[in-house]
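The chain contents come next:
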Amino acid sequence: MKIKTKLRLGLGLLFLMILTLALIAARHVYILKEDTKNILADNYNTLDYAQQMLLAVDGLNVDSAARKIFEQNLIKQKGNVTEKGEAQATQRVADHYELLKADPQDSKLPGMIRKDLADLTQINMRAIQNKSDVAVNSVRSAIIGIALTGTFCILIALTLLVNLPSNIGNPIRELTESIKGIAAKNYSQRLHFSGKNEFGELASSFNTMAEKLEEYDSSNLSKILMEKKRTEALINNMHEPVIGLDENKHILFANDEAVRITGMALSDILGKSAVELAVHNDLIRALIREEQGISPFTSPALKIYANDKESYFEKEVVDITIVPTGERVKKYIGQVILLKNITPFKELDFAKTNFIATVSHELKTPISSIKMSLQLLENQRIGALNPEQQQLMEGIREDSDRLLKITGELLNMSQVETGNIQLNIQPSSPYAILQYALDAVKLPLEQKGIDLTVQNDHDLPDVKADLEKTAWVLINFLTNAIRYSQQEGKMFIALQNNDYGVKFSVRDEGKGIDSRYRSKIFDRYFQVPGSAKTGTGLGLAISKEFIEAQGGAIGVTSEIGMGSNFYFELTRA
Ligand code: ADP
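Conventions used here
Residues numbered from 1 in each chain as written. Predicted model: local features only at pLDDT ≥ 70, side-chain atom pairs only at ≥ 80, totals over all residues. Heavy atoms only, no water. Core = buried A, V, L, I, M, F, W, Y, C linked by side-chain atoms within 4.5 Å. Buried < 20%, exposed > 50% of the residue type's maximum accessible area, 1.4 Å probe, protein only. Contact = heavy atoms within 4.5 Å. Salt bridge = Lys/Arg side-chain N within 4 Å of Asp/Glu carboxyl O. Helix = DSSP H or I, 4+ residues; strand = E, 2+ residues; numbered from the N terminus. Near = heavy atom within 4 Å. Polar contact = N/O pair within 3.5 Å; in protein donor to acceptor, adjacent residues only side chain to side chain. Areas by Shrake-Rupley, 256 points an atom, 1.4 Å probe, with all protein chains shown as cover. Nonpolar A, V, L, I, M, F, W, Y, C, P; charged D, E, K, R; others polar. Pairing = 2+ DSSP bridges. Axes fitted to C-alpha atoms, helices over the stretch in contact; angles between N-to-C directions.

(A) Representation of the nonpolar core in the model. Of all hydrophobic cores here, the largest spans 43 residues; its most connected members are Leu474 and Phe568. If we skip the residues at most four places from it in the chain, leucine 474 touches Ile433, Leu434, Ala437, Phe504, Val506 and Phe568. In terms of nonpolar packing, the next biggest core, distinct from the first, is built from 22 residues, Leu245, Ala258, Ala278 and Ile337 among them.

Structure, rendered in structure tokens:
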């Protein structure tokens, strides 16, 4: 049965019962009223008339007023005959009165009338008694009737009171529980309401919804699991080691390659804190070490024993951030560490460096002997040279100088690349370094007619430096400045005392360097596009290596068309 019908029936029944109870009570009250009214009308009046007549009997013979009262009451009594035998008794009174009227002297008749009136009174008194009994019975049956109907109504009302709220409340409670279950992702929740009422329909709709959610959830879960497996397979099949960390640096995943190079079992690292593992594992320590200020691409290669040989890996750390659903701010959720195997490149690089070192070393001796021969040829004792020969000689000397510079740079570079720079760091005088460099560039300066201004602070402290290598850097700055300065241009050298130590700067008023290339000119083999291709692009790269190996810093400020200012700083000794 529908809830609506149930409620209607329940409330309707209650209404009906109240109505019945009221009707029964009203009926009984009406009966009681009728009973008492009868007593008053039927009997009390007769008693009154009989009383009036009785009082008038003694005066009937002498008093016409008494006769009048008697007759009036007799007429009223005749019109109020209600009881059995009352008509005869009234008739007897009337007959005896008529006889008395005919024979007023008859002394027996008043007595007979009195007896008749007594009979009349008697009849009515008995009737009153009977009617009172009937009224008492009516009251009793009214009480019983109302009590019975009332009890019945109370029983039904109680049944409704107990059943109706639970009939509606229980399913609602069960529904609430099930909805809470669904909200907590317990999609196996079902409702079991029998019957064809609204709750039955609700239960069937709810169950369909729960079933669909369950199906959706399991299909989604299997899809996610499938995707997870696919991603895992993909990561595992990568030939490069990959390790994933969560925001607390716990290892989330590591592919086979990564597990192999760490030398540990996967079960020993999964879910473990990388920071704790790093205490005993050098590789993991190197992986999670954060190199401040160094981009992942320029961080030094990791040397790891893998594939039965010393291998080189480049580390790339990718921070993973997400924007959580409903939020706007990015949240860091971990990082992925990728190791790129650069061993083949390293091997090629080594081969190249060795080749360059060998070639430049082999070239150095013949070039030196060419220079020696040139010096001998210049000697007047061997024989005078005519002007053309002199010019040719000049050309040969310039070329061999350049060749010697290039081979020197290549040799230096190969030393830098193989990590074989031999530095002789000791407290060195900045003035000595300056003098060394100035002596070396004296000739080219004069040849180009450049006006060089040297500004140096007094009482400069000694610096921690390899004198020759630092002078080499300064010479490189100076030769570059000479090369890019105008004929008879201006150049400035400054040696300044600062918090750090001493700052050496070389400023020219040449063409300057485009901002796009400023950060690249210290890279190996880099030459600004469009510049004279006479050099190797190695001078500044070697300078950077030399200065940084001595704990110093190197840099440039330049404005296109306004000249350049190259500088390096060295710490005080
Ligand atoms: P190179 O041997 O080719 O000069 P360097 O490493 O010394 O190599 O210089 C790299 C590049 O920097 C050069 O190709 C040149 O374009 C630029 N450069 C260096 N010094 C200056 C300077 N004083 N003015 C303008 N450009 C310069």
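(B) Structural detail: the pattern of salt bridges. Inspection of the entire model under this criterion finds 26 salt bridges. Between aspartate 282 and arginine 285 there is a salt bridge, with the nearest N and O atoms lying 2.8 Å from each other. With aspartate 282 and arginine 285 both in helix 9 (residues 282–288) and three residues apart, the pair spans about one turn of that helix. Judged by its relative accessible area of 37%, arginine 285 is partly exposed. Residue arginine 516 pairs with aspartate 514 through a salt bridge whose shortest N-O separation is 2.9 Å. On the accessibility criterion, aspartate 514 (22% relative accessible area) is partly exposed. Through salt bridges that share partners, Asp349, Lys352, Glu417, Arg524 and Glu545 make up one connected network.

(C) Looking closely at the site of the ligand. Close to the ligand lie 21 residues, the nearest being Asn480, Asp508, Gln527, Gly537 and Leu540. Within the backbone of valine 528, one N or O atom sits 3.4 Å away from an oxygen atom of the ligand. At 3.4 Å, a backbone N or O of glycine 539 approaches an oxygen atom of the ligand. In the complex, the protein chains occlude 99% of the 540 Å² of accessible area that the ligand would expose alone. Taken together, the elements giving at least two residues each to the shell around the ligand come down to helix 13 (467–484), helix 15 (539–549) and strand 12 (563–571). Considering only residue class, the shell around the ligand consists of nine nonpolar, ten polar and two charged.

(D) Seen up close, the environment of alanine 50. As for its position among the elements, alanine 50 is in helix 1 (residues 3–57). Between the alpha carbons of alanine 50 and glutamine 447 there is a distance of 175 Å; along the sequence they are 397 residues apart. Residues in contact with alanine 50, not counting those within four places in the same chain, are Leu117, Leu120 and Thr121.

(E) Broad picture of the sheet that holds strand 7 (residues 451–456). With mixed pairing, five strands are arranged side by side in an open sheet as 7-9-10-12-11. Among the strands making up the open sheet, the edge pair consists of strand 7 and strand 11 (553–559). Going from strand to strand, the sheet's axes swing by 15° on average, the running direction of each strand aside. Relative to strand 12, strand 10 (residues 501–508) runs antiparallel, the two being bridged by seven bridges.

(F) Looking closely at the environment of phenylalanine 70. Mapping phenylalanine 70 onto the fold places it in helix 2 (residues 64–78). The spatial distance from the C-alpha of phenylalanine 70 to the C-alpha of methionine 53 is 4.8 Å, given a sequence separation of 17 residues. Not counting chain neighbours up to four residues away, the residues in contact with phenylalanine 70 comprise Met53, Ala56, Val57, Leu60, Val93, Tyr97, Ile113 and Leu117.

(G) Just unusual backbone geometry, in detail. Unlike most non-glycine residues, lysine 185 shows phi in positive territory, near 65°. You can see lysine 185 is positioned in the loop between helix 4 (108–183) and helix 5 (198–237). Exposure remark for lysine 185: the relative accessible area of 62% places this residue in the exposed category. Although it is not a glycine, aspartate 459 sits at a positive phi angle of roughly 55°.

(H) Seen up close, the sheet that holds strand 3 (residues 302–306). Across the sheet, which stays open at both edges, the five strands sit in the order 2-1-5-4-3 with antiparallel pairing between neighbours. The two strands at the open ends of the sheet, each matched to only one other strand, are strand 2 (251–254) and strand 3. Strand after strand, the sheet turns through a mean of 30° between neighbouring axes, direction not considered. The sheet contact formed by strand 3 and strand 4 (residues 309–322) spans five bridges and is antiparallel. Within the sheet, the bridge partner assigned to isoleucine 304 lies in strand 4 and is serine 311. Here helix 10 (residues 343–378) sits on the sheet in contact with strand 4 and strand 5 (331–341), set at roughly 130° to strand 4.

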